[in-house]
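An overview of the molecular structure
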Amino acid sequence: MTTTSSSSEVSPPLLCPPRYGTPRDRGRPTLGGKVAEVMVALGRPPTPWQRHVLDVALELEPVEVFDRHGVLIGTEWRLFYREVRLWVPRQSGKTLLLAGLMTHRCNAWDDQRVMYTAQTRNHAKGKLVDEHIPLLKGSRRFRSRCRERLSNGSEAVLWPATGSRWFIESTTKKAGHSHSVDLVVADEFFAQTDDRIESGARPTMITRPQPQIWFVSTFGDDDSDSDVPMGEPLWAKVDDSRERCRTGRHGRVASFEWSAADEDGDDIDYGCREMWRRTMPALQCNGGIISEDAVAADFESMPRAAFKRAYLNLRPRKREVRVQSVIKPDTWQPDVHSTVAGRAVLAVDASPGLA
């Protein structure tokens with residue numbers, strides 16, 4: 001594979017554009033067509049929304065290359081965006097898109113290190129073993145190029161011809177510490193409660209010529225039992241992405257968000273099919289494989305909160321923090337009888353059985 005744009009230059013029409021999205025810069029070539037060819041070889045041709053994301057996220061720019069003595073030796077096409085953010089409803093096909101992306105990376109250049117994470121290391125292993133590897137083994141083009149290593153704790157897909165490796169990691173601050181990493185895919189990002197993935201992985205990418213980190217997720221729900229609300233890192237990136245798209249100042253970040261609204265609200269008609277069509281890029285009318293009748297059946301049977309998160313990608317409304325007082329607040333008011341010799345007195349009572 002090469003780093004120039006592919007012959008598959010004509011993208012299918014985007015029938016369901018993202019609510020917030022980085023636009024395609026037609027002045028830059030892209031590797032989107034190359035990854036599309038990989039997905040075809042994996043037996044999963046890209047849908048219009050997948051191809052749009054790939055075309056934008058994998059845009060290229062010319063970069064001057066110097067030798068170790070600081071002498072200019074030429075110009076290379078390299079990836080323009082260093083970070084990609086993808087927020088899309090469930091069952092839209094993000095797993096297939098990511099499999100194509102990681103497979104392309106391991107074959108397009110030599111000595112690539114691709115790190116995949118999910119909610120936990122076990123979730124990442126499940127994706128690798130149950131979905132990614134079967135896709136590769138089912139492809140005539142790639143089954144002989146890779147071999148899996150499934151020994152516990154060092155699971156990976158190895159690519160002997162290029163010396164590349166695609167491995168999984170736990171979501172800890174040590175993620176990627178022992179490697180120099182070229183591509184990081186943080187899947188199911190809604191489950192992260194801090195910046196451990198970034199703080200662990202980004203330093204490992206700083207010396208690589210064209211690193212990318214992908215944050216991919218369906219909007220999750222807040223975890224009211226956690227000290228840190230679940231999704232806090234996600235919402236920070238969502239808010240930042242929306243601001244970049246509103247202002248047009250995208251920088252080196254490519255963002256894509258398919259959602260019904262900025263936040264869940266009482267004025268939203270969750271059963272509106274027209275809203276489904278502009279929110280769900282994987283519907284058949286948008287070039288995908290999900291029928292509206294199937295969504296309608298789930299709308300009738302699923303808990304409403306689950307439906308909104310799964311298919312409409314709605315951000316939950318902020319919860320009001322309610323403090324339940326065991327002792328009435330008036331009881332705590334200062335009283336003239338609560339002092340002894342001018343000092344405040346606090347009495348504590350407990351059940352005899354607990355004494």
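Once that is clear, we can look at the environment of Arg-78. Inspection of the secondary structure assignment puts Arg-78 in strand S3 (residues 72-79). Along the backbone, Arg-78 and Glu-61 are 17 residues apart, and their C-alpha atoms lie at a distance of 5.5 Å. Among all residues touching Arg-78, those that are not within four sequence positions of it are Glu-59, Leu-60, Glu-61, Val-63, Val-65, Pro-209 and Gln-210. Among the polar contacts made by the side chain of Arg-78, one reaches the side chain of Glu-76 at a distance of 3.2 Å.

When its volume is computed, the largest pocket comes out at roughly 670 Å³. What lines the largest pocket is a set of 29 residues, among which Arg-90, Gln-91, Ser-92, Gly-93 and Lys-94 lie closest to the centre. Among the elements of the structure, helix H3 (94-108), helix H4 (121-137) and helix H9 (304-311) are those that each provide at least two residues to the lining of the largest pocket. Split by residue class, the lining of the largest pocket holds 11 nonpolar, 10 polar and 8 charged.

This part covers the packing of helix H2 (residues 48-57) against H3. Where H2 meets H3, the closest approach of the two axes is 10 Å, and the angle between their N-to-C directions is 40°. Taken together, the axis directions place H2 and H3 in an arrangement best described as oblique. Note on packing geometry: the crossing formed by H2 with H3 is right-handed. Along its contact with H2, which presents Trp-49, Gln-50, Val-53 and Leu-54, the element H3 presents Lys-94, Leu-96 and Leu-97. Grouping the constituent residues of the contact of H2 with H3 by class yields 5 nonpolar, 1 polar and 1 charged.

Next up on the list: the packing of aromatic side chains. For the structure shown, the criterion picks out 9 aromatic pairs. Considering the side-chain rings of Phe-219 and Trp-235, the 5.0 Å spacing of their centres and the 70° angle between planes classify their relative orientation as edge-to-face. Of this pair, Phe-219 sits in the loop between strand S10 (212-217) and helix H6 (232-247) while Trp-235 sits in helix H6; the two residues are 16 residues apart in sequence, bridging distant segments of the chain. Assigned by exposure class, Phe-219 and Trp-235 land together as buried. Over the ring of Phe-80 we find Arg-28, and its NZ or CZ is 3.6 Å from the ring centre. The residue whose ring lies beneath Arg-304 is Phe-299, and the NZ or CZ to ring-centre distance is 4.1 Å.

Calculation criteria
Residues numbered from 1 in each chain as written. Predicted model: local features only at pLDDT ≥ 70, side-chain atom pairs only at ≥ 80, totals over all residues. Heavy atoms only, no water. Helix = DSSP H or I, 4+ residues; strand = E, 2+ residues; numbered from the N terminus. Contact = heavy atoms within 4.5 Å. Polar contact = N/O pair within 3.5 Å; in protein donor to acceptor, adjacent residues only side chain to side chain. 1 Å grid on protein atoms, 1.4 Å probe; cavity = no way out; pocket = protein on both sides within 12 Å on 5 of 7 lines; lining within 4 Å. Points joined across faces, edges and corners; volume = space filled by probe spheres on them. Nonpolar A, V, L, I, M, F, W, Y, C, P; charged D, E, K, R; others polar. Axes fitted to C-alpha atoms, helices over the stretch in contact; angles between N-to-C directions. Parallel < 35°, antiparallel > 145°, perpendicular 65-115°, else oblique. Left-handed = near helix turned anticlockwise from the far one by under 90°. Phe/Tyr/Trp six-rings, centres within 6.5 Å; stacked < 30°, edge-to-face > 60°. Buried < 20%, exposed > 50% of the residue type's maximum accessible area, 1.4 Å probe, protein only. Lys NZ or Arg CZ within 6 Å of the ring centre and 35° of its normal.

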